[in-house]
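Spelled out from the first residue to the last, the chains are:
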Amino acid sequence: MADDQQPSTPEAVTRLYLTLGRINRALRRDARDAPVGHGALSALATMSMGEPLRLGVLAEAEGVSAASMSRIISALERMGHVRRQPDPEDGRAFLIEPTESGRALVEAGRAARMQALGGRMASLTPGQRASLLQALPALEALVD
């Protein structure tokens with residue numbers, strides 16, 4: 001079997017899993033000046049991608065319980081980063097969306113993480129950077 005046809009070994013899968021997690025945590029640490037935590041910033045980013053959402057839909061998208069998301073949204077609302085509005089299809093429910101300050105917070109957080117990632121990539125050798133960029137289509141395919 002050619003190298004590109006070798007099945008992934010458990011060791012390779014573990015290395016990839018650990019490395020992706022460590023990269024993610026390192027970038028969060030590098031951009032730790034954010035005024036809200038990672039969970040709140042992630043929820044704001046998800047809300048910024050489309051129409052106002054119900055809390056349960058947002059909780060599911062973020063992979064947290066509705067109670068946890070409720071606490072996050074309450075804190076973001078107190079800070080002025082989200083607003084609630086009645087759901088026109090169900091008077092008992094509400095929709096949440098980011099305010100302009102919430103959207104600005106997402107952009108600032110994203111910019112800080114991109115700067116941190118760019119700095120880490122700059123520390124690689126040209127060959128390492130080329131290998132990393134060549135692997136992007138495969139990494140993107142893992143998301144799909």
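Our structure is the block above this text.
Below is a summary of the structure that appears in this document.

Reading guide: rules and limits
- Residues numbered from 1 in each chain as written.
- Predicted model: local features only at pLDDT ≥ 70, side-chain atom pairs only at ≥ 80, totals over all residues.
- Heavy atoms only, no water.
- Pairing = 2+ DSSP bridges.
- Helix = DSSP H or I, 4+ residues; strand = E, 2+ residues; numbered from the N terminus.
- Salt bridge = Lys/Arg side-chain N within 4 Å of Asp/Glu carboxyl O.
- Buried < 20%, exposed > 50% of the residue type's maximum accessible area, 1.4 Å probe, protein only.

Time to look at the sheet that holds strand E3 (residues 90-98). With antiparallel pairing, the three strands of this open sheet are ordered in space as E1-E3-E2. Every interior strand has two partners, whereas the edge strands, strand E1 (53-54) and strand E2 (82-87), have only one. Where E1 and E3 come together, two bridges link them in antiparallel fashion. Each bridged residue has a counterpart across the sheet, and for Leu-53 the counterpart in E3 is Ile-96.

The subject of this paragraph is the pattern of salt bridges. Here the idea is simple: oppositely charged side chains can pair when their charged atoms come close. A complete count under the given rule lists six salt bridges for this structure. We note a salt bridge from Asp-87 to Arg-54, for which the minimum N-O separation is 2.7 Å. Within this pair, whereas Asp-87 is found in strand E2, its partner Arg-54 is found in strand E1, the two being separated by 33 residues in sequence. Look at Arg-54 and you get partly exposed, because its relative accessible area is 33%. For Arg-110, the salt bridge identified is with Glu-107, shortest N-O distance 3.1 Å. Of the two residues, Arg-110 and Glu-107 are both situated in helix H5 (residues 100-122); the distance of three residues between them amounts to about one turn of the helix. In this structure Glu-107 comes out as partly exposed when scored by relative accessible area, which is 46%. Where salt bridges share partners, they join Arg-54, Asp-87, Asp-90 and Arg-92 into one cluster.

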